[in-house]
Amino acid sequence: MTQILQMILDLVKTHGPLSMFLGGIIEQIIVPIPSPIITMSGGAFLVTRNIPFFQAIWEIICKVSLPYSIGAVIGTSMVFLIAYYGGRPLIDKFGKYIGISWTLIEKIRTDFQKSISDELFIFIAVIIPVVPVSLISGFCGGFRFKPQKFYPIMLLALIFRSIILGFIGFQM
């Protein structure tokens, strides 16, 4: 794990925003990589020191948040789409062993997509740094959350999450 972290830090130092983009993709697919490390290291190494607050936020948005968020949405797409299209066959085949049926999934999905609070729940869950984004993506895909709702919510939430973590890294 230490070697992976050192490799991430070295890539951020040498490849800048490109490493944020690629890190966003990779960390959504390879779960053991802690996602806060990528954006925090971006904030620590890519943002100019001793600058005014709003200028620092602007640099975090441009150099850390946008590249990372776009990459992370691409990475979460794989998890989302696998769960979206593969969830029913897996549930039909193995659900009886864990007490889940597709009928139950459909009922939960119907209840889940009735109000705006569901989108707010997903948005807030993504912003929380300790919650794995790939888990939320799998949940949304498995419950067949509409892609036209999923992608904007995910992008916006990842932008907020990475600004917060990038600023924490900047402060270190």
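Refer to the preceding data block for the structure.
First, a word on scope: everything that follows refers to the structure included in this document. Please read all numbers here as calculations on a predicted model, not as lab measurements. (Residues numbered from 1 in each chain as written. Predicted model: local features only at pLDDT ≥ 70, side-chain atom pairs only at ≥ 80, totals over all residues. Heavy atoms only, no water.)

### Notes on the overall build of the protein
Inference 1: Along the protein, the regular secondary structure elements total eight helices and zero strands.
Inference 2: Helices and strands in the protein line up, N terminus first, as α-α-α-α-α-α-α-α.
Inference 3: In the protein, buried positions account for 44% of the 172 residues.
Inference 4: Long-range contacts, defined here as pairs at least 24 residues apart, represent 77% of the contacts in the protein between residues at least 6 apart.
Inference 5: Accessible surface, the protein as shown: approximately 9400 Å² in total, 74% of it carbon and sulfur. (Helix = DSSP H or I, 4+ residues; strand = E, 2+ residues; numbered from the N terminus. Buried < 20%, exposed > 50% of the residue type's maximum accessible area, 1.4 Å probe, protein only. Contact = heavy atoms within 4.5 Å. Areas by Shrake-Rupley, 256 points an atom, 1.4 Å probe, with all protein chains shown as cover.)

### Some words on the packing of aromatic side chains
Inference 1: Under the defined criterion, the tally for this structure stands at nine aromatic pairs.
Inference 2: Centre to centre, the rings of Phe53 and Phe54 are 5.1 Å apart; their planes meet at 80°, and the pair counts as edge-to-face.
Inference 3: Aromatic pair Phe150 and Tyr151: ring centres 5.0 Å apart, planes at 75°, arrangement edge-to-face.
Inference 4: Taking relative accessible area as the criterion, Phe150 reaches 1% and is therefore assigned buried.
Inference 5: The exposure class of Tyr151 is partly exposed, given its relative accessible area of 24%.
Inference 6: Put simply, the rings of Phe80, Tyr84, Tyr85, Phe150 and Tyr151 touch in pairs and so form one group of aromatic residues.
Inference 7: Directly above the ring of Tyr84 sits Arg144, whose terminal nitrogen or CZ lies 4.1 Å from the centroid. (Phe/Tyr/Trp six-rings, centres within 6.5 Å; stacked < 30°, edge-to-face > 60°. Lys NZ or Arg CZ within 6 Å of the ring centre and 35° of its normal.)

### Section: the environment of Val12
Inference 1: With respect to the helices and strands, the residue Val12 is situated in helix 1 (residues 2-15).
Inference 2: Distance from Val12 to Thr39, taken between C-alpha atoms, is 9.4 Å for residues 27 residues apart in sequence.
Inference 3: Those residues in contact with Val12 that sit more than four places away from it in its chain are Ser19, Met20, Ser41, Gly42, Phe45 and Leu46.

### Considerations on a nonpolar patch on the surface
Inference 1: Taken together, Leu18, Leu22, Ile26, Ile29, Ile30, Leu66, Ile70, Ile74, Met78, Ile82 and Leu155 make up a surface patch of nonpolar side chains, about 920 Å² in accessible area.
Inference 2: Breaking the nonpolar patch down by element, the ones donating at least two residues are helix 2 (17-29) and helix 4 (53-98).
Inference 3: If you tally residues by element for the nonpolar patch, the top one is helix 4, at five residues.
Inference 4: Considering the arrangement of structural elements, one finds Met78 in helix 4. (Patch = residues over 30% accessible without salt bridge, like charges linked within 9 Å, V, L, I, M, F, W, Y side chains within 5 Å. Salt bridge = Lys/Arg side-chain N within 4 Å of Asp/Glu carboxyl O.)

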